[in-house]
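# Per-entry structural report
Read off the chains here:
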Amino acid sequence: MVQRLTERDFEFHLGYLGRAAQTAILADIRDVVKQAPMIQPMTPQRQKMSVRMTSAGRFGWIADPDGYRYDQRQPSGKTWPDIPRSILKIWRAVSGVTRDPDCCLINFYGEGARLGMHQDKDEGSFDWPVVSISLGDEALFRMGDVTRGGKTSSVWLKSGDVVVMGGAARLKYHGVDRIKFGSSPLLKKGGRINLTLRVAG
Ligand code: MD3
Ligand code: FE
């Protein structure tokens, strides 16, 4: 259960990862992507998402014409690769919980990609925190309320920033309005990677 997040519902660890740690994680993500290629999911509304996605862990997050869900298998039928130790280490340090995550969702934002306002509600329980790790280009992250259309506030997330969402924030609407393509030297061809660590069950 969420322990450290009972007082504050979200915690920003700005600049948590230095350049060497970011580069090491990036190499581990490249290994994951070799075993679980990124796809540009089609929503149940048959809209192609602009963000490319894959996962690591016991479960991966899937969007397809059947809906949104966590699945133990990739579209190819294979299981997902393990969550790299370099990434698990961050969850263990900041999540405030002793259970490890089931899923590391990997989002890639190329030029012009965005993520509309949504709630994360495909998990079996909302009592666990979500840990987000940003790598590469800066992103304008918007956080709203538990209902759609409420007041929102925005923050630029930069490479190496880690955010922990729990408590009431866990069910708030949020999204990424845009990225500043080419603003970070981490990814040679530009773009942004966001990792979210979750308990799916
Ligand atoms: C607030 N990703 O994958 S990370 C997502 O930057 C997602 O790619 C965004 O929203 C991204 O679902 C935002 C920060 C984040 C992650 C999960 C949350 C904020 C959250 C869950 C509940 C509330
Ligand atoms: Fe989300």
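One can find the structure itself at the top, above this paragraph.
Worth saying up front: this structure is predicted, and the values here are computed from it rather than measured.

### Here's the deal with helix H1 (residues 19-35)
An α-helical segment advances 3.6 residues per turn. Residues three or four places apart therefore align on the same side. Here H1 is 17 residues long and its end C-alpha atoms lie 25 Å apart, about the 24 Å a rise of 1.5 Å per residue gives. Buried residues of H1: Gln22, Ile25, Leu26, Ile29 and Val32, and no others. Down the axis, H1 shows its buried residues gathered within 115° of arc, on one side only. Opposite the buried face of H1, at more than 90 degrees from it, the exposed residues are Ala20 and Lys34. On the buried face of H1, the contacting elements are strand E2 (52-57), helix H2 (85-94), strand E5 (103-109), strand E7 (130-136) and strand E12 (192-198).

### Examining the site of ligand 1
Near ligand 1, the surroundings consist of 19 residues, among which Asn107, Tyr109, His174, Arg192 and Arg198 are the closest. Side-chain polar atom of histidine 118 to an oxygen atom of ligand 1: 3.2 Å apart, as the coordinates give it. At the level of secondary structure, the elements contributing two or more residues to the shell around ligand 1 comprise E5, strand E6 (115-118), E7, strand E11 (174-179) and E12. Looking at the shell around ligand 1, the element that brings in the most residues is E12, giving 4 residues. In terms of residue class, the shell around ligand 1 is built from 8 nonpolar, 6 polar and 5 charged.

### Notes on the pairing of strand E3 (residues 60-64)
When you tally the buried positions in E3, you get 5 out of 5 residues, the bulk of the element. What you see with E3 is no split at all: Gly60, Ile62 and Asp64 on one side and Trp61 and Ala63 on the other are buried throughout. Taking the residues that link successive antiparallel strands as the turn, the E3-strand E4 (residues 67-71) hairpin has 2 residues.

### Quick look at the packing of aromatic side chains
In this structure the tally under the stated criterion is 2 aromatic pairs. Centroid distance phenylalanine 10 to phenylalanine 12: 5.6 Å. Interplanar angle 85°. Geometry classified as edge-to-face. Note on phenylalanine 12: relative accessible area 32%, which makes it partly exposed. Ring geometry for tryptophan 61 against tyrosine 68: centres 5.5 Å apart, planes inclined by 10°, an arrangement best described as stacked. Of note, arginine 99 hangs over the ring of tryptophan 128, and the distance from its end group to the ring centre comes to 5.2 Å. One Lys or Arg, arginine 192, reaches over the ring of tyrosine 109 and ends 5.1 Å from the middle of that ring.

### Considerations on the coordination of the iron ion (ligand 2)
Those protein atoms acting as donors to the iron ion (ligand 2) are His118 (NE2), Asp120 (OD) and His174 (NE2), and they sit at 2.0 to 2.2 Å. Binding-site remark: the iron ion (ligand 2) is held by donors from one chain whose sequence spacing is H-x1-D-x53-H. Taken as a pair, aspartate 120 in the loop between E6 and E7 and histidine 174 in strand E11 lie far apart in primary sequence, 54 residues in all. According to the relative accessible area criterion, aspartate 120 is buried, its value standing at 10%.

Definitions and cut-offs
- Residues numbered from 1 in each chain as written.
- Chains lettered and ligands numbered in written order.
- Predicted model: local features only at pLDDT ≥ 70, side-chain atom pairs only at ≥ 80, totals over all residues.
- Heavy atoms only, no water.
- Helix = DSSP H or I, 4+ residues; strand = E, 2+ residues; numbered from the N terminus.
- Expected span 1.5 Å × (residues − 1).
- Buried < 20%, exposed > 50% of the residue type's maximum accessible area, 1.4 Å probe, protein only.
- Arc of directions from axis to C-beta.
- Contact = heavy atoms within 4.5 Å.
- Near = heavy atom within 4 Å.
- Polar contact = N/O pair within 3.5 Å; in protein donor to acceptor, adjacent residues only side chain to side chain.
- Nonpolar A, V, L, I, M, F, W, Y, C, P; charged D, E, K, R; others polar.
- Pairing = 2+ DSSP bridges.
- Phe/Tyr/Trp six-rings, centres within 6.5 Å; stacked < 30°, edge-to-face > 60°.
- Lys NZ or Arg CZ within 6 Å of the ring centre and 35° of its normal.
- Donors = N, O, S within 2.8 Å, 3.2 Å for Na, K, Ca; no water.

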